[in-house]
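# Coordinate inspection notes
What follows is each chain in one-letter form.
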Amino acid sequence: MKTIALLAASLLCAVATHATAGNVGFTEIRVSNGADKPLVVGVWYPTEAPVKPEPLELFSQTVAVGAAPSGQHLPLIVMSHGTGGSYGEHYDTALALAEAGFVVAAVAHTGDTHDDISRNTRLADRAAQIHRLIDYMLSEWPAHGQIDPQRIGMFGFSSGGFTTLVSIGGVPDLSTLPAHWRAHPDYFDSQLVKHAGIPTSIPNPPASTWIHDPRIKAAVVAAPALGFTFGREGLKDITVPIQLWRAEDDHILPNPDYAEAVRIALPRPAEFHLVQGADHFDFLAPCSDALAHAAPQICTSRPGFDRKAFHQTFNREVVRFFEETLG
């Protein structure tokens, strides 16, 4: 009878553990950033609290808002979004990582969001904001003691991919930009600077302008903007493992000046993924009906491409990569 009772208790414990395994907590925080505006950040993390559908921008996610994080020695992933984006635009990837035991902190880059593009050409600001975010998560976040400071990764898409390359040691040469703009006046970045009124001749800032963070031990880079500005010299100091993604039919950052330019110039081969039939915005989370109505330009895939099915693979591969590289 005692053996049966112990077995029953063990089964109940196993059932209870299974019922809460993979639950995700979520909170939006404000991170002080010196004299600048506080950074707005979304944080996903493992929790044992019950979850339910909650709104996030024009999405819905199943999370426990404000719940206590669970676990110790948790790896941290910081996220950087694309130009004019938001911290929630990769929420499904953040959820997948948190379900697997990661803490994920995604920043809304000040002045480069969907509701404020006043600073979207101030590229150096982005890596500095990532550096500040890591400082905060390791020392000021209420559950900072549960994070392992030796297990930090970074995820970046588009301008966030550029930001990631800078954060892990890349130094772009901005003097290459004017020639690129003249050669490709119809490209997205050329149109962006034209509307911003940036001079056609610009000095290259000193290398010290770009903030690197050696605490980042691995990186996922999807469709990186301005990839051609780095070259072998600009990427020579990058030593961390990289998972690099390119959309085959990227009309925003066409081949070969962006992801392919990075792939060729990296000092050590990246784990490279070419997504057949994908366009630039297919790296964003699959759109809700509300978002598709509000912003069809980022929600429409090419005929035959299934963004939802792709993201099942994409998220699985991102999780696997960080599990393998961060231990």
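The text that follows walks through the structure, step by step, so that each part is easy to find. (Residues numbered from 1 in each chain as written. Predicted model: local features only at pLDDT ≥ 70, side-chain atom pairs only at ≥ 80, totals over all residues. Heavy atoms only, no water.)

### Digging into the overall build of the protein
When its secondary structure is counted, the protein shows 10 helices and 10 strands. For 327 residues, the compact-globule estimate of 2.2 N^0.38 gives 20 Å, and the C-alpha radius of gyration of the protein, at 20 Å, lies within 12% of that figure. Burial status across the protein gives 53% buried among its 327 residues. Look at the contacts in the protein between residues 6 or more apart in sequence, and 75% of them connect residues 24 or more apart. For the protein, the exposed area adds up to about 14500 Å²; of that, 58% sits on carbon and sulfur atoms. Put simply, the protein has 23 plus and 34 minus side-chain charges, and the middle of one group is 3 Å from the middle of the other. (Helix = DSSP H or I, 4+ residues; strand = E, 2+ residues; numbered from the N terminus. Rg over C-alpha atoms; globule rule 2.2 N^0.38 Å. Buried < 20%, exposed > 50% of the residue type's maximum accessible area, 1.4 Å probe, protein only. Contact = heavy atoms within 4.5 Å. Areas by Shrake-Rupley, 256 points an atom, 1.4 Å probe, with all protein chains shown as cover. Lys, Arg positive; Asp, Glu negative; His and termini not counted. Charge placed at Lys NZ, Arg CZ, Asp CG, Glu CD.)

### Regarding the pattern of salt bridges
Tallied over the full model, the rule gives 18 salt bridges. In this structure, aspartate 116 and lysine 37 form a salt bridge, with 4.0 Å as the shortest nitrogen-oxygen distance. Residue aspartate 116 is located in the loop between strand S6 (103-108) and helix H3 (123-139), and its partner lysine 37 is located in strand S2 (residues 36-46); the two are separated by 79 residues in the primary sequence. Within this structure, Asp36, Arg119, Arg122 and Asp125 form a network of salt bridges that share partners. (Salt bridge = Lys/Arg side-chain N within 4 Å of Asp/Glu carboxyl O.)

### Structural notes on H3
Given a rise of 1.5 Å per residue, 17 residues ought to cover 24 Å, and the 26 Å separating the end C-alpha atoms of H3 matches this to within 8%. Inspection of H3 places Leu123, Arg126, Ala127, Gln129, Ile130, Arg132, Leu133, Ile134, Tyr136, Met137 and Leu138 among the buried residues, and these make up the whole buried set. (Expected span 1.5 Å × (residues − 1).)

### Looking at the side chain of threonine 163
Checked against the element boundaries, threonine 163 lands in helix H4 (residues 159-167). Within the local environment of threonine 163, its side chain forms a polar contact with the backbone oxygen of serine 159, the two atoms lying 2.8 Å apart. Excluding residues within four positions of it along the chain, threonine 163 makes contact with Ser80, His109, Arg126, Ala127, Ile130 and Met154. (Polar contact = N/O pair within 3.5 Å; in protein donor to acceptor, adjacent residues only side chain to side chain.)

### What about the nonpolar core?
Grouped together as the largest cluster of nonpolar side chains are 101 residues, with contacts concentrated most on Trp44, Met137, Trp141, Phe283 and Phe322. With eight residues, H3 is the largest single contributor of residues to this core. (Core = buried A, V, L, I, M, F, W, Y, C linked by side-chain atoms within 4.5 Å.)

### Section: the packing of aromatic side chains
This model, assessed by the stated rule, comprises 20 aromatic pairs. An aromatic cluster of three or more residues is present, and its members are Phe155, Phe157, Trp245, Phe283, Phe305, Phe310 and Phe314. Over the ring of phenylalanine 272 we find arginine 263, and its NZ or CZ is 5.5 Å from the ring centre. (Phe/Tyr/Trp six-rings, centres within 6.5 Å; stacked < 30°, edge-to-face > 60°. Lys NZ or Arg CZ within 6 Å of the ring centre and 35° of its normal.)

### Re the environment of glycine 231
Tracing the chain through its elements places glycine 231 in helix H7 (residues 231-235). Through-space distance from the C-alpha of glycine 231 to that of isoleucine 298 is 29 Å; in sequence the pair is 67 residues apart.

### A few points about unusual backbone geometry
The omega angle of the peptide bond from asparagine 255 to proline 256 is 10°, so this bond is cis rather than trans. Summarising the element assignment, proline 256 is placed in the loop between strand S9 (242-247) and helix H8 (259-265). Even without being glycine, histidine 73 reaches a positive phi, approximately 55°. Relative to the elements of secondary structure, histidine 73 occurs in the loop between strand S4 (59-65) and strand S5 (74-80).

These figures capture arrangement, not role.
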